[in-house]
Amino acid sequence: MKVLVIGGGAREHALCRALSLDPDVSALHCAPGNAGIADAAELHPVDALDGDAVAALAGRLEADLVVVGPEAPLVAGVADAVRAAGIPCFGPSREAARLEGSKAFAKEVMAAANVPTARSYVCTTPEEVDEALDAFGAPYVVKDDGLAAGKGVVVTADLEQAREHALACGRVVIEEYLDGPEVSLFAITDGETVLPLQPAQDFKRALDGDEGPNTGGMGAYSPLPWADPKLVDEVMDTVLQPTVDELRRRGTPFAGLLYAGLAITSRGVRVIEFNARFGDPETQVVLARLKTPLASVLLNAAKGTLADEPPLNWRGDSAVTVVIASRDYPATPRTGDPIGGLDEVAAQDAPHAYVLHAGTRREGDAIVSAGGRVLSVTATGEDLTEARDRAYAAVGRIRLDGSHHRTDIAAKAAAGHS
């Protein structure tokens, strides 16, 4: 099978790594990719938001499967263009991707499918914003209706900060605050059959102890030793399958990766948000634990034959990812700094720990930072303690001037807490 992956972050590196280990994959391509993905796949320049360009590239490469990684190309309809060219594509249509592209649309679908979620108001005027903030009280949860690269949500006890964010967004969803730990659960679906993956937890705040501004994600771990063993079955029955069924009923079936961000509240499981693609950095830990070869699962989802796929096999180990971010991330990250220590990790920590590239590029013989989140250092171990130790040992070998990372990823869970 020849596979083309679209995107250039750590999520795409994790996908490419998993696909490169699949014996059914005879050729692996990525566009545009990054400096690390170049070791696993052949890179090609492309405008990832241009569906015709992506479809043309897939045609030239004679790809048997295209996997669209990021949300922006999906919301732009890239998967539709690839499918229109007669090439199987893993990723939802533009219409179905509105589940991530519009928070208001997602709330509407959840209401129709009877999916448990936070009570909310969609606001477009300052008056509506003030009414909604007053109705819910602190802590305030304000979400930009559109895509915002993981940074469109403000959770704050500061009324002025909440109001300022709401007015800057135009159309916003303001909702009640959900207490309890958060969980990410991915499911692969062909629009009918739903195949859940293993749950993970990510860390959105920039600093230890969940302090600092929101980010795209500073680390993740899987499995969740504190979670109810029936959690996946419950979310399948109350969230994932009903949502997929509702979108099919509307004539816009969702085929691809459905991501449910969940809060395990005192009143039960509630959906915080849906995404229409693999999450980053949770993908890094979930795929590290997946034993089943990935390509055929994604192809069956793309072709509508996921019911033929046997249950997924998982390793019994644990995985931890620690994100190394560039100086001043998430505000105005500095780029262009050389990265050292990558060869040392490969020589001393493999195969239990490895580096997935997010924002990197090659300049001559050097690899330099090219984004806010630069690297995802991922490790596996018998339990979370061993996986953490291995991940942080590898992090310690990386040299990137001014970089920062959290030191508490999975620490509570390893100690037996949520």
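Since the structure is predicted, the reported quantities are computational estimates derived from the model, not experimental observations.

A. Representation of the packing of aromatic side chains within the structure. In the structure shown here, the tally under the stated rule is five aromatic pairs. The interplanar angle of 35° and the centroid separation of 6.2 Å between the aromatic rings of Phe90 and Phe278 together place this pair among those described as tilted. Taken together, the residues span a long stretch of sequence, with Phe90 in strand E5 (residues 89–90) and Phe278 in the loop between strand E17 (268–275) and helix H10 (282–289) at a distance of 188 residues. For Phe90, a relative accessible area of 3% translates into the label buried. Overall, the relative accessible area of 4% leaves Phe278 in the buried class. Ring geometry for Phe186 versus Tyr259: centroids 5.3 Å apart, planes at 35°, classification tilted. Linking Phe186 in strand E10 (residues 182–189) with Tyr259 in strand E16 (residues 256–265), this pair joins segments that are 73 residues apart in sequence.

B. Region of the structure containing unusual backbone geometry. Cis rather than trans, the peptide bond between Ser222 and Pro223 has omega equal to 0°. Positionally, Pro223 belongs in the loop between strand E15 (219–222) and helix H9 (231–249). Ala350 connects to Pro351 through a cis peptide bond whose omega is 0°. By the secondary structure assignment, Pro351 is in the loop between helix H12 (342–348) and strand E19 (353–357). With a phi angle near 55°, Glu62 is a residue other than glycine that sits in the positive phi range.

C. Structural detail: the nonpolar core. Leu4, Val66, Leu99, Leu240 and Val320 are the most contacted members of the largest nonpolar core, which has 76 residues in total. Top element by residues in this core is H9. It accounts for eight residues. With near-sequence residues (within four places) excluded, Leu99 lies in contact with Phe105, Ala106, Val109, Thr243, Leu247, Phe254, Leu258 and Phe274. With 42 residues, the next largest nonpolar core counts Phe186, Ile188, Tyr259 and Leu306 among its residues.

D. The arrangement of the pattern of salt bridges in detail. Here the structure, examined in full by the defined rule, presents 26 salt bridges. As a salt-bridge pair, Glu108 and Arg250 come within 3.1 Å of each other at their nearest N and O atoms. Within this pair, whereas Glu108 is found in helix H6 (residues 103–113), its partner Arg250 is found in the loop between H9 and E16, the two being separated by 142 residues in sequence. For Glu108, a relative accessible area of 44% puts it in the partly exposed group. On the basis of relative accessibility, which here comes to 31%, the residue Arg250 falls in the partly exposed class. Here Arg250 makes a salt bridge to Glu246, at a shortest N to O gap of 2.7 Å. Connected through shared salt-bridge partners, Arg11, Glu12, Glu71, Glu100 and Arg277 make up one network.

E. Quick look at the sheet that holds strand E3 (residues 42–43). Across the sheet, five strands lie side by side as E3-E2-E1-E4-E5; this open sheet has parallel pairing. The open sheet has two free edges, formed respectively by E3 and E5, since each of these has just one partner strand. As paired strands, strand E4 (residues 65–68) and E5 are joined by two bridges and run parallel to one another. Looking at E5, one finds that Val67 is bridged to Phe90.

F. Representation of a negative patch on the surface in the model. A contiguous patch of negative charge, built from Glu127, Glu128, Glu131 and Asp134, is present on the exposed surface. On the secondary structure map, Asp134 appears in helix H7 (residues 126–136). Since its relative accessible area comes to 65%, Asp134 is described here as exposed.

G. Summary view of helix H2 (residues 51–60). Turning to H2, its buried residues are Gly51, Val54, Ala55, Leu57 and Ala58. Around the axis of H2, the buried residues are gathered within 160° of arc, so they sit on the same side. Structural note: H2 exposes Asp52 and Arg60 on the side pointing more than 90 degrees away from its buried face. Close packing links the buried residues of H2 with strand E1 (2–7), strand E2 (27–32), E4 and helix H4 (78–84). Where H2 begins, the side chain of Asp50 points an oxygen toward the backbone nitrogen of Asp52, at a separation of 3.1 Å. Where H2 terminates, the next one or two residues include Glu62, which has phi positive at roughly 55°.

H. The arrangement of the packing of H7 against helix H8 (residues 159–169) in detail. Between H7 and H8, the least distance of the axes is 10 Å, while the angle of their chain directions is 145°. In this structure, the crossing between H7 and H8 has a hand that is right-handed. Across from Pro126, Val129, Asp130 and Leu133 in H7, the residues of H8 making contact are Leu159, Ala162, Arg163, Ala166 and Leu167. Here the residues of the contact of H7 with H8 sort into seven nonpolar, no polar and two charged.

Cut-offs used in this document
Residues numbered from 1 in each chain as written. Predicted model: local features only at pLDDT ≥ 70, side-chain atom pairs only at ≥ 80, totals over all residues. Heavy atoms only, no water. Phe/Tyr/Trp six-rings, centres within 6.5 Å; stacked < 30°, edge-to-face > 60°. Helix = DSSP H or I, 4+ residues; strand = E, 2+ residues; numbered from the N terminus. Buried < 20%, exposed > 50% of the residue type's maximum accessible area, 1.4 Å probe, protein only. Core = buried A, V, L, I, M, F, W, Y, C linked by side-chain atoms within 4.5 Å. Contact = heavy atoms within 4.5 Å. Salt bridge = Lys/Arg side-chain N within 4 Å of Asp/Glu carboxyl O. Pairing = 2+ DSSP bridges. Patch = residues over 30% accessible without salt bridge, like charges linked within 9 Å, V, L, I, M, F, W, Y side chains within 5 Å. Areas by Shrake-Rupley, 256 points an atom, 1.4 Å probe, with all protein chains shown as cover. Lys, Arg positive; Asp, Glu negative; His and termini not counted. Charge placed at Lys NZ, Arg CZ, Asp CG, Glu CD. Arc of directions from axis to C-beta. Polar contact = N/O pair within 3.5 Å; in protein donor to acceptor, adjacent residues only side chain to side chain. Axes fitted to C-alpha atoms, helices over the stretch in contact; angles between N-to-C directions. Left-handed = near helix turned anticlockwise from the far one by under 90°. Nonpolar A, V, L, I, M, F, W, Y, C, P; charged D, E, K, R; others polar.

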